[in-house]
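# Summary of the model geometry
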Number of protein chains: 2
Amino acid sequence: MSPDPVRDSASSPSKIDLRSLFLGPKGENADVFERLLLEAFRDHVFWRRNFHPEDGFAVGEMERHTPAYERSLHVLSQELLGLLGELKAGIPFFSPRYVGHMNADLTMASLIGYFATMLYNPNNVATEASPVTTRMELEVAAQLAAMVGYDPELQWGHLTSGGTVANFEALWVARNVKYLPVALRWACEQAGCGDFRLRLASGERAAVGDLDLWQLLNAPCGSTLDAASRFCDEADDPAAAVAILGRNTLASLGYQEFGRRLTRSFGDSLPPAVILVPSTAHYSWEKIAHSLGVGGAQLVHVPVDSRFRMDTGALEEALRRLAAERRPVMACVAVLGTTEESAVDRLDRVAEVREGSRAELGLCFHLHADAAWGGYAISITRDADGSRRSYESALAASAPEAWPREGVYRALCAAELTDSITIDPHKLGWVPYPAGAILFRDRRVRELVSVEAPYLFHEGGSEWRNLGRFIFEGSKPGAAAAGVWMSHKVLPLHAEGYGRLVSVTCKAALALHRRLASGDWEPFVLRVLPTPDLNLVCFAVGHPDLRSLEQTNALVGAVYRRMSVSGDRTARQVEYFVTKTVLRAAEYGEAPLPIVEDLGFGRDDYRRAGGLGVIRCTVMNPFVGSPGDRLDFLEGFAKALQRVLGEALEEVLGRRVQRSSLLT
Amino acid sequence: MSPDPVRDSASSPSKIDLRSLFLGPKGENADVFERLLLEAFRDHVFWRRNFHPEDGFAVGEMERHTPAYERSLHVLSQELLGLLGELKAGIPFFSPRYVGHMNADLTMASLIGYFATMLYNPNNVATEASPVTTRMELEVAAQLAAMVGYDPELQWGHLTSGGTVANFEALWVARNVKYLPVALRWACEQAGCGDFRLRLASGERAAVGDLDLWQLLNAPCGSTLDAASRFCDEADDPAAAVAILGRNTLASLGYQEFGRRLTRSFGDSLPPAVILVPSTAHYSWEKIAHSLGVGGAQLVHVPVDSRFRMDTGALEEALRRLAAERRPVMACVAVLGTTEESAVDRLDRVAEVREGSRAELGLCFHLHADAAWGGYAISITRDADGSRRSYESALAASAPEAWPREGVYRALCAAELTDSITIDPHKLGWVPYPAGAILFRDRRVRELVSVEAPYLFHEGGSEWRNLGRFIFEGSKPGAAAAGVWMSHKVLPLHAEGYGRLVSVTCKAALALHRRLASGDWEPFVLRVLPTPDLNLVCFAVGHPDLRSLEQTNALVGAVYRRMSVSGDRTARQVEYFVTKTVLRAAEYGEAPLPIVEDLGFGRDDYRRAGGLGVIRCTVMNPFVGSPGDRLDFLEGFAKALQRVLGEALEEVLGRRVQRSSLLT
């Protein structure tokens, strides 16, 4: 094994010891956790007791010892014991033996911070219900935006219940920005200023009244926002201008009425606008396209290359085709860390393609990064002072492991070129749910999704009083913000903070990848997907006796069932935990073919089977790379897999296979 | 004061002692809380330690005492102390002195349940990541559905991050159901079965191919779902039928393409469909209409009566007008417990109006109850065995207070007539955020918003494995489900459980209402809104020296600032806490006029000022009605208000007012 990255801080006292961040696989830090937990709880109790002590007690000691009172408390104790019993059927995410879903141990800082804050019950919908934690929420969003590289003066970000709502908000904004130039034109007509000018994709400025629909729908996002601001600010009566513009937006009119007016104004309303996503995009993009009224059929899946990254050549082709068909592009989504493979789309190249399509095709669109998984990895590109690190120094810090690849590094740095980005603290931020985050480059987009709540937003005052006005959700836990805030305090968003924690898991994933790739699995055929960009390892398995890809996929299913809590199998009966997925032909196209062929099948088998089943290992537990004084994770995992393969084959073939031929 | 409802269990040992449920305003139950907290924490630690003990420890005791390790832990301790200091600037929701926003103390059961579960970090997106808590989530949703009165075999419900997402899902479903008959017709054309029959609003059955768009869009919801099921189930190839139907839905095509096809198929695509909401509806309905592509302008606000309940006569009129204009109605929303007044719309009458509009106008639509606030009040209509209680026994249980009014009781019972209902456990369930809930009468609607995630939904198996397929959000905290589950365990959803807790707060609100209405505030004029249906009290204040409604509204603002944490005022400087709101003319129409007139102003003043400012008191802290051995909440509140009125007037008039004329 390579030098232990989790432990290497022992020799360097200035470094954060990553093992001190977690409760630990055996509760190694239980003493510290318990002390701080009690501290937080008692501190809260005495806060209550010191608030108007003159009010006296609401329950006297004598009253607390009546039969009814005691009975109530006994019910509570009993039910809690019941709950604790039930919870033990949960999944041991804390264990290095768990490399299944995107779950692991959480930082003590976030857990204790969450609990301490939950006692205060703040609601981050408005500062009046959360004076402390709304500020913390905007602080952590600003920290993430600084890591990404957005201009701190212009950025706008906040927490969400998770990645789905974050991505949803990004597309909601993208949709509303796309159609804003049309609203602006109608507003100008109504306000009698049809000569109001807008900067086009070509850089020229033209009067909105002279533009056709295609030109309007291809105004650069920034230009649209500039024009809308000018329209309102320069009017004689700015409030009236805001109202006129508002009445003409898609948000206000709805798609049906907006569509009628498009036809009336422009004759042809053009084909529906599309959203470009890589074929590896998360399933929630379909929900988002459905619910926003964009339509699942308007999601254009761009093929991925053999590393499961968006094929930027294919993206260029798709844009050319769309431009020829005069289909407006609402947004293009690049994924930093796909859910199945942790692939990092070459965002640097995607941004180049976008620039090219603006210049050559006159096509402008919103660029969003879905970095729900990989967002925290951007921290490896930052020095402690916030400046950008060179690739060489990032690489040197990982030595002897050659991680990250240069393309991955460039893609992470290019996050600063997007219009919006989703980053989930409750994934590679190691904090409790619910904590997603959405960040926007230009804070003005908030106005396109904002509403007013009379009972919340009295003051006008400082903007952060009014969070609920600008976001999709209403009530949300201030405790979640405090959890993230605490975690960023102990582990800052740079290479020596979160960067080290993320790299430790990526390097452990590489070690697992190597062990699987170099193992002797005969007579089984084990094919690992290409070296992962971040920390997920997927592999397919076959066997010469399995004559079809369907049967081979069934083998993967049988392996998975033995390495997960499923059916009647409890956590105690599982040695190592994985999950599985299917690389479906409908989305993945040709990308899995090399693996299919290694398993002895062809394109037709793959199409007929509908896809390729693979075992999926998420390596996010920091102790996988440093699993304990007696557990050797890699060898243990390999031995368990070998055993399971034999049993799984028996199940699939429906007969007893000679053990000796299976266990080498 | 009337007999103490919080304490009355002392004499009846079979009743739950409500004071035992909370940590208490002075931390009276801190000993129990601390014991259970430690129990939960240690239980978890030993669960870890007992999982593969043979793996050894990942961190040795010696390693925990290196300088780097100790330094990391010191950072954590220090930062936690920092956080605890910050949190003390929070709002004392726990105190009976707080009657501002919808926040109060939470049940100990939910807080400890949440914390205990958070240590396990379950994610309720799929049972593989949460075998225990996904079951709990569906259990609590089923408990809520049983309380409402939905058929347990047919209902479908789950938790959400809050009321906004719950309402959003209801409307998402309503939108997709509304347009499903059109998709069905196109699917039938493509499958060559245009004679496929659908039951119409009139009860007749007709071939989908023969129907015009208006008839299709007015098929009853149940009939639409029946027809869609039959289309798929009776096809020779059900999977192909599902696919054909899916391809023709609004969700798949998106509004733009769907609209084009409507025009192509039917010539006229009819005006945009509308959503009917009372003028008191929560501001999030606008966000929902915006984001779903329905359009804010398609929200039709139905006026409310003088009790701030939806005027059902006006609803009938609106429906007649819409039918005459051939504008389809997507949904009608009734509110059980408005955010500003806790008004309960007469859902029983709304349901009658709906039935009438089907029979007389041929108009069918989805009926949704937004019971985010008032949902738990439905528990007062249930006996412990789940049967419906008579109104008389509900009234008798509240004696001598005459609560609830009969109309409110009928409206709560009528929740069973809706197609969907939003109920937020994190409001009158007294549990931590995030815990909203959406319940549907007919589980089949799930299919209209479902997607597939290859890495999650492997098994087919039992449906509750697949939660994430059918809901909007992805990752969400299993801990929230456990919090609700624990709270329902100690306080069941019937009249003797949650019903009692809710009534205690409603009765305290009535007492506050009486005290304010009967007080001698001269020379100020204090006008309380009509007796509340549930537990919010709003009042306006004026003074003879204030010559305009604008100035009078400014007085309300000045009172509010002195009775809330705002500006530089910290919690320690506030004696009693309220919030405020504006009953805006644009939404509220005539409803506030009687109060405006009592203040000495007229309709024109009200229109010019844009609305009426009122102080808003949410009485959800159970200790308001039983505030402690020395605090007298009602008298203390009245005295503080009197003092504040004087100061506020000085501020508004910008001069020193003779104290003697103010403090009677």
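## Notes on the overall build of chain A
Scanning chain A from terminus to terminus reveals 24 helices and 13 strands. At 27 Å, chain A has a C-alpha radius of gyration in line with the 26 Å of a compact globule built from 664 residues. Principal-axis analysis of the C-alpha atoms gives chain A an extent of 85 × 80 × 50 Å. Looking at chain A as a whole, 61% of its 664 residues are labelled buried.

## Let's talk about the sheet that holds strand S5 (residues 299–302) of chain B
All names here are of chain B. Overall, mixed pairing links the 7 strands, which are arranged S1-S9-S8-S7-S6-S4-S5 in an open sheet. With one partner strand each, in any of the chains shown, strand S1 (156–160) and S5 form the two edges of the open sheet. Averaged over neighbouring strand pairs, the angle between their axes works out to 20° when direction is ignored. Where strand S6 (residues 329–335) meets strand S7 (residues 366–370), 5 bridges bridge the pair, whose relative direction is parallel.

## Re the relation of the copies chain A and chain B
One copy of the chain maps onto the other through a rotation about an axis plus a displacement along that axis. Turning chain A through 180° and shifting it by 0.0 Å along the axis lays it on chain B, with an RMSD of 0.0 Å. Overall, the copies show the geometry of a two-fold rotation axis. Nearest to the rotation axis, the C-alpha of Leu292 of chain A is located 2.4 Å from it, this being the minimum over chain A.

## Topic: unusual backbone geometry
Residue Pro404 of chain A follows Trp403 of chain A across a cis peptide bond; omega there is -5°. If you trace the backbone, Pro404 of chain A turns up in the loop between helix H14 (391–398) and helix H15 (406–413). A cis amide bond links Ala399 of chain B with the next residue in sequence, Pro400 of chain B, at an omega value of 5°. Mapped onto the fold, Pro400 of chain B is located in the loop between helix H14 (391–398) and helix H15 (406–413).

## Side note on the domain arrangement of chain A
Each assigned domain of chain A is listed here: domain 1 (57–91), domain 2 (180–248), domain 3 (272–423) and domain 4 (504–662). Inter-centroid distance (C-alpha atoms) of domain 2 of chain A to domain 4 of chain A is 55 Å.

## Section: the interface of chain A and chain B
Contact residues are listed per partner, giving 152 residues for chain A and 152 residues for chain B. Counting residues per element, the ones that place at least two in the side of chain A that touches chain B are helix H1 (30–49), helix H2 (67–87), helix H3 (108–118), helix H5 (163–178), helix H10 (250–266), helix H11 (284–291), helix H17 (478–490) and strand S12 (579–584) of chain A. Residue contributions to the side of chain A that touches chain B peak at 15 residues, all from H2 of chain A. Tallied by class, the residues present in the side of chain A that touches chain B amount to 73 nonpolar, 45 polar and 34 charged.

## Some thoughts on the pairing of S12 of chain A
All names here are of chain A. For S12, a buried count of 5 out of 6 residues is recorded, marking the element as mostly surrounded by other parts of the structure. Two strands pair when backbone bridges link them, and S12 and strand S13 (residues 611–618) are joined in this way by 6 bridges, in the antiparallel orientation. Bridge pairing in S13 places Lys580 opposite Ile615.

## Topic: the sheet that holds strand S10 (residues 525–528) of chain B
Residues and elements named next belong to chain B. The 4 strands lie next to each other as S10-S11-S13-S12, forming an open sheet whose pairing is antiparallel. Taken across any chain shown, the strands that pair with only one partner, and hence form the sheet edges, are S10 and strand S12 (579–584). Sheet twist, expressed as the average angle between the axes of neighbouring strands with direction ignored, equals 35°. Of the pairings in the sheet, the one linking S10 to strand S11 (residues 536–542) comprises 4 bridges and is antiparallel in character. Bridge pairing in S11 places Val528 opposite Phe539.

## Some words on the nonpolar core
By size, the foremost hydrophobic cluster in this structure holds 471 residues, and its most contacted members are Ile275, Leu439, Phe539 and Val559 of chain A together with Ile275, Leu439 and Phe539 of chain B. Beyond its immediate stretch of four places on either side in the chain, Ile275 of chain A contacts Leu171, Ala289, Val294, Gln298, Leu299, Val300, Met330, Ala331 and Val333 of chain A.

## So, the pairing of strand S5 (residues 299–302) of chain A
Residue and element names in this part refer to chain A. Here 4 bridges tie strand S4 (residues 274–278) to S5, and the two strands are oriented parallel to one another. Bridge pairing links Pro278 to Val302 in S5. Assessed by its sense of winding, the connection that carries the chain from S4 through H11 to S5 is right-handed.

## Regarding the packing of helix H4 (residues 133–148) of chain A against H17 of chain A
Residues and elements named next belong to chain A. Direction vectors running N to C along H4 and H17 enclose 50°, while the axes themselves pass 8 Å from each other. The angle between H4 and H17 falls in the class oblique. As H4 runs across H17, the sense of the crossing is left-handed. Packed against H4, whose contacting residues are Thr133, Thr134, Met136, Glu137, Glu139, Val140 and Gln143, the element H17 presents Gly478, Ala481, Ala482, Val484, Trp485 and His488 at the interface.

## Details of the environment of Thr164 of chain B
Here Thr164 of chain B is to be found in helix H5 (residues 163–178). Judged by the 29 C-beta atoms lying within 10 Å of it, Thr164 of chain B falls in the buried class. Separated by 120 residues in sequence, Thr164 of chain B and Ser284 of chain B place their C-alpha atoms 6.1 Å apart. For Thr164 of chain B, the residues in contact, after removing those within four places along its chain, are Phe472, Glu473 and Gly474 of chain A together with Ser284 and Lys287 of chain B.

## Here's the deal with the environment of Thr581 of chain B
In this fold, Thr581 of chain B is placed in strand S12. We classify Thr581 of chain B as buried; it has 23 C-beta atoms within 10 Å.

## A short note on the confidence of the model for chain A
All names here are of chain A. Averaged over all residues, the pLDDT of chain A is 92; the fraction at 70 or higher stands at 94%. Contacts from residues 453–464, a stretch scored under 50 in pLDDT, to residues over four places away or in other chains number 24 contacts. In this model residues 658–664 is a low-confidence stretch, pLDDT under 50, and it forms 9 contacts with partners more than four residues away in sequence or in other chains. The complex model carries a pTM of 0.95, and its ipTM stands at 0.95.

## Concerning the packing of helix H6 (residues 180–191) of chain B against helix H8 (residues 221–233) of chain B
Residue and element names in this part refer to chain B. In the contact formed by H6 and H8, the axes pass within 10 Å of each other and the chain directions differ by 30°. Between H6 and H8, the angle is such that the two are roughly parallel. Note that H6 runs across H8; the crossing there is left-handed. Contacts between H6 and H8 involve Leu180, Pro181, Leu184 and Ala187 from the former and Thr224, Ala227, Ala228 and Phe231 from the latter.

## Examining H6 of chain B
Residues and elements named next belong to chain B. For H6, which comprises 12 residues, the first-to-last C-alpha distance of 16 Å matches the rise-based estimate of 16 Å (1.5 Å per residue) to within 8%. Among the residues of H6, those classed as buried are Leu180, Pro181, Val182, Ala183, Leu184, Arg185, Trp186, Ala187 and Cys188. Elements that come into contact with the buried residues of H6 comprise H5, strand S2 (197–199), helix H7 (213–216), H8 and helix H9 (238–247). Phi for Gly192, located one or two positions after H6, is positive at around 70°.

## Things to note about H5 of chain A
A rise of 1.5 Å per residue sets the reference length of H5 of chain A, with its 16 residues, at 22 Å; its end C-alpha atoms lie 22 Å apart and thus fit the reference within 8%. Across the 16 residues of H5 of chain A, 16 count as buried, placing the element largely inside the fold.

Analysis parameters
Residues numbered from 1 in each chain as written. Chains lettered and ligands numbered in written order. Predicted model: local features only at pLDDT ≥ 70, side-chain atom pairs only at ≥ 80, totals over all residues. Helix = DSSP H or I, 4+ residues; strand = E, 2+ residues; numbered from the N terminus. Rg over C-alpha atoms; globule rule 2.2 N^0.38 Å. Buried ≥ 20, exposed ≤ 12 C-beta atoms within 10 Å, placed from the backbone. Pairing = 2+ DSSP bridges. Axes fitted to C-alpha atoms, helices over the stretch in contact; angles between N-to-C directions. Least-squares fit on C-alpha atoms with pLDDT ≥ 70 in both. Domains from an automatic or database assignment. Contact = placed C-beta atoms within 7 Å. Nonpolar A, V, L, I, M, F, W, Y, C, P; charged D, E, K, R; others polar. Core = buried A, V, L, I, M, F, W, Y, C linked by C-beta atoms within 7 Å. Right-handed = clockwise from strand over helix to strand, strands pointing away. Parallel < 35°, antiparallel > 145°, perpendicular 65-115°, else oblique. Left-handed = near helix turned anticlockwise from the far one by under 90°. pLDDT = per-residue confidence, 0-100. Expected span 1.5 Å × (residues − 1).

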